[in-house]
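# Summary of the model geometry
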Amino acid sequence: MPSTYQIISSTTLTSSAATVTLSSIPSTYTDLVVRFTARTDASGTNDQIALRFNGVTTSSYAWTRFRGDGANAGSYSPNTTETSGYVAQVDAAGTASNTFANGEVYIPNYTSSTQKPSYAFSAAEDNATPAYLTLAANLGTATTAISSITFLSINSNNFVSGSSFYLYGIKNS
Amino acid sequence: MPLTYEPVATTTLSTAASSITFSSIPSTYTDLRIVFTGTGTTSVGIKARFNNDSGTNYSYVEMLGNGGGAFSGRQGDLGYFALDTQFNLSTTIPTIRTLDVFSYAGSNYKTTLVHQSNNLNTSGNIIAMAHLWRSTSAINQISLLVFSSTIAAGSTATLYGIKNA
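The structure presented is a predicted model; accordingly, all values stated were derived computationally and were not measured. Counting restarts for each chain, with residues numbered from 1 along the sequence as it is written. All chains are assigned letters beginning with A, and all ligands numbers beginning with 1, in the order in which they are written. Only residues with pLDDT of 70 or above have their local features reported here, since the model is predicted, and side-chain atom pairs are shown and tallied only from 80 upward, although totals for entire chains, interfaces and linings are computed over all residues. Side-chain numbers here rest on the full set of heavy atoms in the structure, without hydrogens or water.

## Focus: the overall build of chain B
Heads up, the condition is: Only DSSP runs of H or I covering at least 4 residues are called helices, and only runs of E covering at least 2 are called strands; the numbering of each starts at the N terminus. As defined in this context, the radius of gyration uses C-alpha atoms, and a globule is described by 2.2 Å times the residue total to the power 0.38. The rule is simple: take the accessible area with a 1.4 Å probe, protein chains only, and divide by the maximum for that residue type; under 20% is buried, over 50% is exposed, in between is partly exposed. The criterion used for residue contact is that any of the two residues' heavy atoms lie within 4.5 Å. Residue burial considers only the protein chains on display, and all accessible areas are found by Shrake-Rupley using a 1.4 Å probe. The positive count covers Lys and Arg only, the negative count covers Asp and Glu only, and His and the chain ends enter neither. Here the site of a charge means NZ on Lys, CZ on Arg, CG on Asp, or CD on Glu.
Helix and strand content of chain B: zero helices and 12 strands. The N-to-C order of helical and strand elements in chain B reads β-β-β-β-β-β-β-β-β-β-β-β. Relative to the globule expectation of 15 Å for 165 residues, the C-alpha radius of gyration of chain B, 15 Å, shows essentially globular dimensions. The dimensions of chain B, computed from C-alpha atoms along their principal axes, are 45 × 35 × 30 Å. Residues classed as buried in chain B amount to 52% of the 165 residues present. Put simply, 75% of the contacts in chain B that link residues at least 6 apart link residues at least 24 apart. Per element, the accessible surface of chain B, about 6,500 Å² overall, is 48% carbon and sulfur. If the 8 positive side-chain charges of chain B are averaged to one point and the 7 negative ones to another, these points end up 2 Å apart.

Right, dumping it as structure tokens:
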């Protein structure tokens, strides 16, 4: 039986980068999973990262975020489409060194001709406050199959060396 | 090396149906995962049952964010798993439900983690739930169902088996 859960690509930064793009995604799977470890060079204690499908930079993404920071829990949605989908709160230059946020993005039926729902679940814990646990429900409004996924800082910062993004394909048969 | 994460069964509805059922689930895995994406023919709530048990043996606790606030709640003594506590299936945009069933073949009560991810562009929420089925029986059947209307054609559910060795 072919493997159900297969690594498609593995990207680990050896120098800082503004974006990480997982490209040439084959259409032979059912769902996609991206598992990431991320930190940016933002000057504060945290940054926010986002995703785009197929390089689409127009207002084609809707999202709802649910986040706890160790003291409060809250939810937010821009209630309008944005130029990227929401992924996670991540560690930045102001947090303890060698501390990276971790998480997962799950994208079911990525080759379908419907709009693309996905979810993200992440944790940014650094033995200090604030720390973040975040869930996000995303919707990509484009109906084309996903062939690339780009991760970026919402605040135009850079991912630092050591940030990694692993793309897996899941087959349902 | 044996496969760790295997598809056990998948169903994509060719016509609308009131349920999607995975039966004769082998006991050879450690945990199970179901991934559902789909719509309803009307805005209908989707639920789940184990082993066709309709007794009041289900309970849950949830936390939810809807873009405007964060909430938590619980219900006990239900006759089903609620996968629709705040959001029915859309008739136009597919939404996601994942169920992670731990130690499904064991002799303890069964814990399931559920994730609902709903975003319809103009509204949405994200929900994490912990469910309990108060039965010591091994799970050999899981049904996703609606009590009125139907799950729309094109909706898909896949059952995966996960092994710990």
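There is more to say after this.
## Quick word on the sheet that holds strand E7 (residues 81-82) of chain B
All names here are of chain B. Stated precisely, the cut-off is as follows: A pair of strands counts as paired when DSSP detects no fewer than two bridges linking them.
If you walk across this open sheet you meet the four strands as E2-E11-E4-E7, and the pairing is antiparallel. One side of each edge strand has no neighbouring strand; the edge strands of this open sheet are strand E2 (19-22) and E7. In terms of strand pairing, strand E4 (residues 47-50) meets strand E11 (residues 142-145) through four bridges, oriented antiparallel. Among the inter-strand pairings, Ala48 is bridged to a residue of E11, identified as Leu144.

## Things to note about the environment of Glu125 of chain A
Residue and element names in this part refer to chain A. As for its position among the elements, Glu125 is in the loop between strand E9 (116-124) and strand E10 (132-140). In the structure, Glu125 is positioned 11 residues away from Thr114 in sequence and 36 Å away in space, judged by C-alpha atoms. Once residues within four sequence positions are removed from consideration, Glu125 is found in contact with Thr99 and Ala131.

## As for the sheet that holds strand E2 (residues 19-22) of chain A
Residue and element names in this part refer to chain A. Selection rule: Helix axes are fitted only over the stretch in contact, all axes being lines through C-alpha atoms; the angle between N-to-C directions runs from 0 to 180 degrees.
Read from one edge to the other, the open sheet built from four strands follows the order E2-E11-E4-E7, with strand pairing classed as antiparallel. Among the strands making up the open sheet, the edge pair consists of E2 and strand E7 (85-91). Strand after strand, the sheet turns through a mean of 20 degrees between neighbouring axes, direction not considered. Bridging between strand E4 (residues 46-53) and strand E11 (residues 149-153) involves five bridges; their strand directions are antiparallel. From the neighbouring strand, Ala50 faces E11, where its bridge partner is Leu152.

## What to know about the interface of chain A and chain B
Condition: A 1.4 Å probe defines the accessible area here, and the buried area is the portion of it lost by two parts on being joined, summed over both. By convention in these notes, a salt bridge is any Lys or Arg side-chain nitrogen within 4 Å of a carboxyl oxygen on Asp or Glu. By the criterion applied in these results, polar contacts are pairs of N or O atoms within 3.5 Å in which, for protein atoms, one can donate a hydrogen and the other can accept it, and in which residues neighboring in sequence qualify only through two side-chain atoms. Classes in brief: Ala, Val, Leu, Ile, Met, Phe, Trp, Tyr, Cys and Pro nonpolar; Asp, Glu, Lys and Arg charged; the others, Gly included, polar.
Taken residue by residue, the interface counts 35 residues in chain A and 34 residues in chain B. Approximately 2,600 Å² of surface area, both sides summed, lies buried where chain A meets chain B, with 66% of it carried by carbon and sulfur atoms. Among the residues chain A hides against chain B, the three largest losses belong to Phe66, Tyr119 and Asn172 of chain A. Together they make up 23% of the total. There are zero salt bridges connecting chain A and chain B. At the junction of chain A and chain B, the tally comes to nine residue pairs in polar contact (both at pLDDT 80 or more). If you list the elements that add at least two residues to the side of chain A that touches chain B, you get strand E5 (61-68), strand E6 (73-76), E9 and E10 of chain A. Broken down by element, the residue count for the side of chain A that touches chain B peaks at five residues, all from E10 of chain A. Split into classes, the residues belonging to the side of chain A that touches chain B amount to 17 nonpolar, 16 polar and two charged.

## Comments concerning the side chain of Ser163 of chain A
Residue and element names in this part refer to chain A. Positionally, Ser163 belongs in the loop between E11 and strand E12 (164-170). The buried category is assigned to Ser163, whose relative accessible area is 0%. Side-chain polar atoms of Ser163 contact the backbone oxygen of Val160, separated by 2.9 Å.

## A word on the pairing of E10 of chain A
Residues and elements named next belong to chain A. Of all nine residues in E10, eight are buried; the element is thus mostly enclosed. Sheet topology places E5 next to E10; eight bridges connect them, and they run antiparallel. Among the inter-strand pairings, Ala62 is bridged to a residue of E10, identified as Leu139. Here E9 runs beside E10; their pairing, made up of nine bridges, is antiparallel.

## Focus on unusual backbone geometry
Positive phi, normally seen in glycine, also occurs at Asn54 of chain A, with a value near 55 degrees. Relative to the assigned elements, Asn54 of chain A resides in the loop between E4 and E5. The backbone of Ser103 of chain B shows a phi angle near 45 degrees, a positive value even though the residue is not glycine. Inspection of the secondary structure assignment puts Ser103 of chain B in the loop between strand E8 (95-101) and strand E9 (110-119). You can call Ser103 of chain B partly exposed: its relative accessible area is 43%.

## Some points on the nonpolar core
The nonpolar side chains of a soluble globular protein tend to be buried, and buried together. Convention followed: Put simply, buried Ala, Val, Leu, Ile, Met, Phe, Trp, Tyr and Cys residues joined by side-chain atoms within 4.5 Å make one nonpolar core.
One finds Ile20, Phe36, Ile46, Phe50, Ile142 and Leu144 of chain B to be the most contacted residues of the largest nonpolar core, which totals 35 residues. In this structure Ile142 of chain B touches Ile20, Thr21, Phe22, Ile25, Leu32, Ile34, Arg49, Phe50 and Val101 of chain B, once residues within four positions along its chain are discounted. If you look at the next biggest cluster of nonpolar residues, it comprises 33 residues, including Leu22, Leu51, Ala101 and Ile107 of chain A.

## So, the pairing of E6 of chain A
Residue and element names in this part refer to chain A. The pairing of E5 with E6 spans four bridges and is classified as antiparallel. From the neighbouring strand, Arg65 faces E6, where its bridge partner is Tyr76. Connecting E5 to the next strand, E6, in antiparallel fashion are four residues, including Gly70 with a positive phi near 95 degrees.

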